[in-house]
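# Coordinate analysis (summary)
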2 protein chains.
Amino acid sequence: MNIILLSGGSGQRLWPLSNDVRSKQFIRLFRTGEGELESMVQRVYRQIRTVDPEAEVTIATSRSQVSAIHNQLGKNVGICVEPCRRDTFPAVALAAAYLRDVRGVGEDEPVVVCPVDPYVEPDYFQALKRLGERAAVSEANLVLMGIEPVYPSEKYGYIIPADKKNISKVSVFKEKPTEEVAREYIAQGALWNGGVFAFRLGYVMEKARQLTGFGDYERLLEAYHTLDKISFDYGVVEHEPYIEVMRFSGMWKDLGTWNTLTEAMDGPCIGKAVFNETCENVHVINELDVPVLCMGLKDMVVSASPEGILVSDKVQSSYIKPFVNEFDHKVMYAEKSWGSFRVLDVGKDSMTIKVTLNPGHRMNYHSHQYRDEVWTVVSGKGRTVIDGTEKKVEVGDVVTMAAGSRHMVIADTELQMIEVQLGKEISVYDKQKHEMPIYTRVLNDLPI
Amino acid sequence: MNIILLSGGSGQRLWPLSNDVRSKQFIRLFRTGEGELESMVQRVYRQIRTVDPEAEVTIATSRSQVSAIHNQLGKNVGICVEPCRRDTFPAVALAAAYLRDVRGVGEDEPVVVCPVDPYVEPDYFQALKRLGERAAVSEANLVLMGIEPVYPSEKYGYIIPADKKNISKVSVFKEKPTEEVAREYIAQGALWNGGVFAFRLGYVMEKARQLTGFGDYERLLEAYHTLDKISFDYGVVEHEPYIEVMRFSGMWKDLGTWNTLTEAMDGPCIGKAVFNETCENVHVINELDVPVLCMGLKDMVVSASPEGILVSDKVQSSYIKPFVNEFDHKVMYAEKSWGSFRVLDVGKDSMTIKVTLNPGHRMNYHSHQYRDEVWTVVSGKGRTVIDGTEKKVEVGDVVTMAAGSRHMVIADTELQMIEVQLGKEISVYDKQKHEMPIYTRVLNDLPI
């Protein structure tokens, strides 16, 4: 199975756990059979691998998510990086071109496209496989998955099939309706449109040529910023006279709000939380190192992270977006390809962060124009390279770097440092990357 | 007016703002007329000064509160430090002896004793003044304040006066009743016992001699740890045949729980908080630097500090104590005489704190046996003394101190440093104080 997972959005609706650099699909909220926490993207990837160990998985995403994906799924996952946001048609076209030109997938082979964040069971991926198998042989150019509705949702578009067979011709598509209209659709046998579809690779490559003028990966990538923002629905689906829909009746949840997300949790809390006996239907997701004490709460979600604290009635939590838009979005925690960092303190002309590097990883070799930095190693061992000179470091070592100094650190074990940044208007944009000095590159042939 | 303010307790009922080293009376929750935040102790002290600028105020407290009192009230306030906890009779006796032997108050002069944390208006202190004036001339050895009840509370003891005059003989004292019994008391004209009383100084000194065998400050202080734990009620009040009560009908609130405390706040929040339009009767006290977003909450209190987060129905919040007892009480924030510190990060064998010294203040000269420390100055200017050597420091300076090294810092302006502590089993008890080298003491004649 060739599968493109669309991984988008910054997910403000799950503030304070999601932010500009961490989308909801990367939050570790679910437990594996072994009791480990995993994120939506880890869960989906694990489920695909279970159903089809040979699946060719490509994640179509933006540059900002690449580190988190590598960190959570390892280095071997296929990633097709969109140079900028250009809606779903260019994203699918680029990923299709990547599959053909980089991964060597044939134009006759079927490709399945699906969002990276549905909350599903393995039967869903069995259904994706059947969807691809149908696309390979169907007379239709597109085969959609139609999810059997469990309530008259206003959140989804609807697909009305021509009949009640497992695979039907699509009679008509309907935009997100009111609840009342949704009831009517469902009475007519309508299915939810979960944004899941399959096609033969050559079909989308042909559409790419027609709509963008570019038919290969290199040129699509290069011209990507010039492409029009067109949705796949608007650019392709609406012009296709014959589309099939395949029914799916298994569990499918879109965990886009705290309300739906907490329903999928297998316990009342993640992180430190205490509930008194008068709490009912309360969920706590606490990323801080201190306890949350809940007393007398009903139907509520409490979420605490280095970015802020949400205390909300579950139904009200779906109206979070405009409030979060107003917040000053300093990123207080981020996963990187090499580990993670957390902001500990923000002063007037200083910032203190805790940096954790995973064993065998290293930072980019870089410098800052407007700030000095001080590292104090608090756990582990590694090597710093400062202005071309490599030096071993261990717990208690202090490294000072004046503005302009080129630096990086290699973690030989897991390595933790307290980094104090000193300067006016400290910004993530004050960062210049440099080539490593050659001898160091030879000595340390490590992934970036 | 001679007034003894009893400042006790660690106030777990206001967790997470109060803790082992910060009692509720030091939390800055109220606004002065100028819009500044002030604590209960600051409010009471300011009110006394307004009513009687000449008042001789002595705060009877434990060693652990001395820094916070100096920090909040300045150096000139009289403090009588109890060497250990010994209930209210020894505390009052020691403070009375302090007034006579250290402050030179005459034995005929009246003294008023009152808890440090009632939430009152200036008329209360006018009443205290009258209470003292009455004690100076009364035939009774004790004159109590009787507060006119506003509801049948189960939280207070009751005083039943012999008649309805402004000053009456006490007929009988009643322990904390049930609500029903409280109604009966009130129907009989009972008054709340707020623990406020006045006496002539010589009377309590005589009681001290009788009950402890010691009649002066030096010897009481020395023998304090050997004294029996006796309450003032049990040791004195119950044996006194003729006690007067003076009515007080002004505003008087005991802000011992979140429920009562939030009633006294003049707005819905202190710190960063956002409420959506469906919130009703919600109070947020947020000491963190990130926002609290409240949606769809009713009758609730949310409090966040470096120690933890409370989310509670207001009525339920009064049952907090047993839950807080279970928490691991690492002190994450503390006010000191020289400023404050906040724990930023706790690692396996490290701890990172932010230290703020007030201008003109300094730490004790000290060393640690089992940990190294690294200071990075992030704002201000000062001087360090490390193993006897004084050195100027400013922003960006890094000072490393191996275990055993004697060190301190003097703040010439407000001075902030990130301190990284490195060692196994880091503990506040690993601290040895030392005499400053003589030449340094001469150079820096600064308060400790």
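Structural notes, computed from the coordinates. (Residues numbered from 1 in each chain as written. Chains lettered and ligands numbered in written order. Predicted model: local features only at pLDDT ≥ 70, side-chain atom pairs only at ≥ 80, totals over all residues. Heavy atoms only, no water.)

## Some thoughts on the overall build of chain A
The secondary structure content of chain A amounts to 11 helices and 30 strands. A globule of 448 residues ought to have a C-alpha radius of gyration of about 22 Å, and chain A, at 24 Å, matches this closely. Counting only C-alpha atoms, chain A reaches 70 × 60 × 40 Å along its principal axes. Expressed as a percentage of the 448 residues in chain A, the buried residues total 57%. (Helix = DSSP H or I, 4+ residues; strand = E, 2+ residues; numbered from the N terminus. Rg over C-alpha atoms; globule rule 2.2 N^0.38 Å. Buried < 20%, exposed > 50% of the residue type's maximum accessible area, 1.4 Å probe, protein only.)

## A look at the interface of chain B and chain A
Counting residues at the interface gives 51 residues for chain B, matched by 51 residues for chain A. Surface buried jointly by chain B and chain A totals about 3,800 Å² across both partners, of which 72% is contributed by carbon and sulfur atoms. Area buried by chain B at its contact with chain A is led by L293(B), M295(B) and I309(B), which between them contribute 18% of it. Viewed at the interface, chain A and chain B are joined by 2 salt bridges. Here D345(B) ties to K354(A) by a salt bridge, and the two come within 2.7 Å at their closest N and O atoms. On inspection of chain B and its partner chain A, the count reaches 16 residue pairs in polar contact (both at pLDDT 80 or more). No other element matches strand β19 (residues 308–313) of chain B, which puts 6 residues into the side of chain B that touches chain A. Looking at the side of chain B that touches chain A residue by residue, the classes come out as 33 nonpolar, 13 polar and 5 charged. In this structure, strand β19 (residues 308–313) of chain A lies alongside strand β17 (residues 292–295) of chain B, joined through 4 bridges in parallel fashion. Paired with V311(A) across the two strands is C294(B), which belongs to β17(B). (Contact = heavy atoms within 4.5 Å. Buried area = accessible area lost by both parts, 1.4 Å probe. Salt bridge = Lys/Arg side-chain N within 4 Å of Asp/Glu carboxyl O. Polar contact = N/O pair within 3.5 Å; in protein donor to acceptor, adjacent residues only side chain to side chain. Nonpolar A, V, L, I, M, F, W, Y, C, P; charged D, E, K, R; others polar. Pairing = 2+ DSSP bridges.)

## Structural notes on the environment of R134(B)
Tracing the backbone through its elements, the reader meets R134(B) in helix α4 (residues 122–137). Apart from residues no more than four positions distant in its own chain, R134(B) is found in contact with V143(B), I167(B), E244(B) and M246(B).

## Concerning the sheet that holds β17(B)
Spatial ordering of the open sheet is given by β14(A)-β16(A)-β18(A)-β19(A)-β17(B)-β15(B), a layout of 6 strands whose pairing is mixed. Bordering the open sheet on either side are β14 (269–270) of chain A together with β15 (273–275) of chain B, each of which pairs with just one other strand.

## Here's the deal with the sheet that holds strand β24 (residues 372–379) of chain A
Residue and element names in this part refer to chain A. Sheet architecture is open: 6 strands sit in the order β20-β21-β22-β29-β24-β27, paired in antiparallel fashion. The strands lining the two open edges of the sheet, one partner per strand, are β20 (333–336) and β27 (398–401). Strand-to-strand, the axes of this sheet are offset by a mean angle of 20°, without reference to chain direction. Across 4 bridges, β20 lies against strand β21 (residues 339–346) in antiparallel orientation. Note on β21: the bridge partner recorded for A334 is F341. (Axes fitted to C-alpha atoms, helices over the stretch in contact; angles between N-to-C directions.)

## Digging into the side chain of S305(A)
Structurally, S305(A) is set in strand β18 (residues 298–305). According to the relative accessible area criterion, S305(A) is buried, its value standing at 1%.

## Some details on empty space enclosed by the protein
All names here are of chain A. Inspection of the entire model under this criterion finds 1 cavity of 30 Å³ or more. Space inside the largest cavity adds up to approximately 30 Å³. Secondary structure elements with two or more residues in the lining of the largest cavity: α1 (40–51) and β7 (118–120). Top element by residues in the lining of the largest cavity is α1. It accounts for 3 residues. (1 Å grid on protein atoms, 1.4 Å probe; cavity = no way out; pocket = protein on both sides within 12 Å on 5 of 7 lines; lining within 4 Å. Points joined across faces, edges and corners; volume = space filled by probe spheres on them.)

## Description of a positive patch on the surface
Residues and elements named next belong to chain A. Taken together, the side chains of R13, K155, K176 and K321 present a region of like positive charge at the surface. Summarising the element assignment, R13 is placed in the loop between β1 (2–6) and β2 (28–31). A relative accessible area of 37% places R13 in the partly exposed class. (Patch = residues over 30% accessible without salt bridge, like charges linked within 9 Å, V, L, I, M, F, W, Y side chains within 5 Å. Areas by Shrake-Rupley, 256 points an atom, 1.4 Å probe, with all protein chains shown as cover. Lys, Arg positive; Asp, Glu negative; His and termini not counted. Charge placed at Lys NZ, Arg CZ, Asp CG, Glu CD.)

## A look at the environment of A96(A)
Residue and element names in this part refer to chain A. Inspection of the secondary structure assignment puts A96 in helix α3 (residues 88–101). Under the relative-accessibility criterion, A96 is labelled buried at 0%. Leave out the neighbours within four places in its chain, and A96 touches I4, L201, V204 and M205.

## Side note on unusual backbone geometry
Residues and elements named next belong to chain A. Cis geometry marks the peptide bond from W15 to P16, where omega comes out at 5°. For P16, the position within the fold is in the loop between β1 and β2. With a phi angle near 50°, N281 is a residue other than glycine that sits in the positive phi range.

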